[in-house]
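The residues making up each chain are set out below.
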Amino acid sequence: MAQNSNTSNRGFASMDEAKQREIASKGGQAAHRKGTAHEFTSEEARAAGRKGGQAAHSKGTAHEFTSEEARAAGRKGGQSRSSRSRNAGSSSRSSNSGSRSSGRSSQSGHEARG
């Protein structure tokens, strides 16, 4: 980073980028160890990604996927999603089957009353 003669040589902003990243990384690691680091929910992460993508597109710096890259990303996402649903589906199916049958009986009971 080039130093202007009117700027101070002190402080975080005056450090070179590598030194800033090193210090910021240590702070993030410490926050995770301490348990005070922010953990993004999937919805927060999705919104942040969307916001970043929109900003990059408006600046003209966004990556433009080729059709092959897009297909590969879609396959990778689909594989990840299907493996999650397979793992979650086995436990939720057994619990859902009970709620479905109770849902049907309450619907039929409602129809009889109406």
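Small disclaimer: the values here were computed from a predicted structure and weren't measured.

Draft legend 1. Spatial organisation of the overall build of the protein chain. Each helix and strand counted, the protein chain has 3 helices and 0 strands in total. In the protein chain, the succession of helices and strands from N to C terminus is α-α-α. For the protein chain, with 114 residues in total, the buried portion stands at 5%. A total of about 9800 Å² of accessible surface is found on the protein chain, and carbon and sulfur atoms cover 52% of it.

Draft legend 2. Molecular detail of the side chain of S14. Looking at where S14 falls in the secondary structure, it is placed in the segment before α1 (17–34). On the accessibility criterion, S14 (18% relative accessible area) is buried. At 2.8 Å, the side chain of S14 and the backbone oxygen of G11 are in polar contact.

Draft legend 3. A look at the pattern of salt bridges. A full pass over the atoms with the stated rule returns 5 salt bridges. A salt bridge links R46 to E43, with the shortest nitrogen-to-oxygen separation between them at 2.7 Å. Of the two residues, R46 and E43 both sit in helix α2 (residues 42–59), 3 residues apart, roughly one turn of that helix. On the basis of relative accessible area, R46 is assigned to the partly exposed category, the value being 43%. With relative accessibility at 46%, the residue E43 sits in the partly exposed group. Where salt bridges share partners, they join E68, R71 and R75 into one cluster.

Criteria and thresholds
- Residues numbered from 1 in each chain as written.
- Predicted model: local features only at pLDDT ≥ 70, side-chain atom pairs only at ≥ 80, totals over all residues.
- Heavy atoms only, no water.
- Helix = DSSP H or I, 4+ residues; strand = E, 2+ residues; numbered from the N terminus.
- Buried < 20%, exposed > 50% of the residue type's maximum accessible area, 1.4 Å probe, protein only.
- Areas by Shrake-Rupley, 256 points an atom, 1.4 Å probe, with all protein chains shown as cover.
- Polar contact = N/O pair within 3.5 Å; in protein donor to acceptor, adjacent residues only side chain to side chain.
- Salt bridge = Lys/Arg side-chain N within 4 Å of Asp/Glu carboxyl O.

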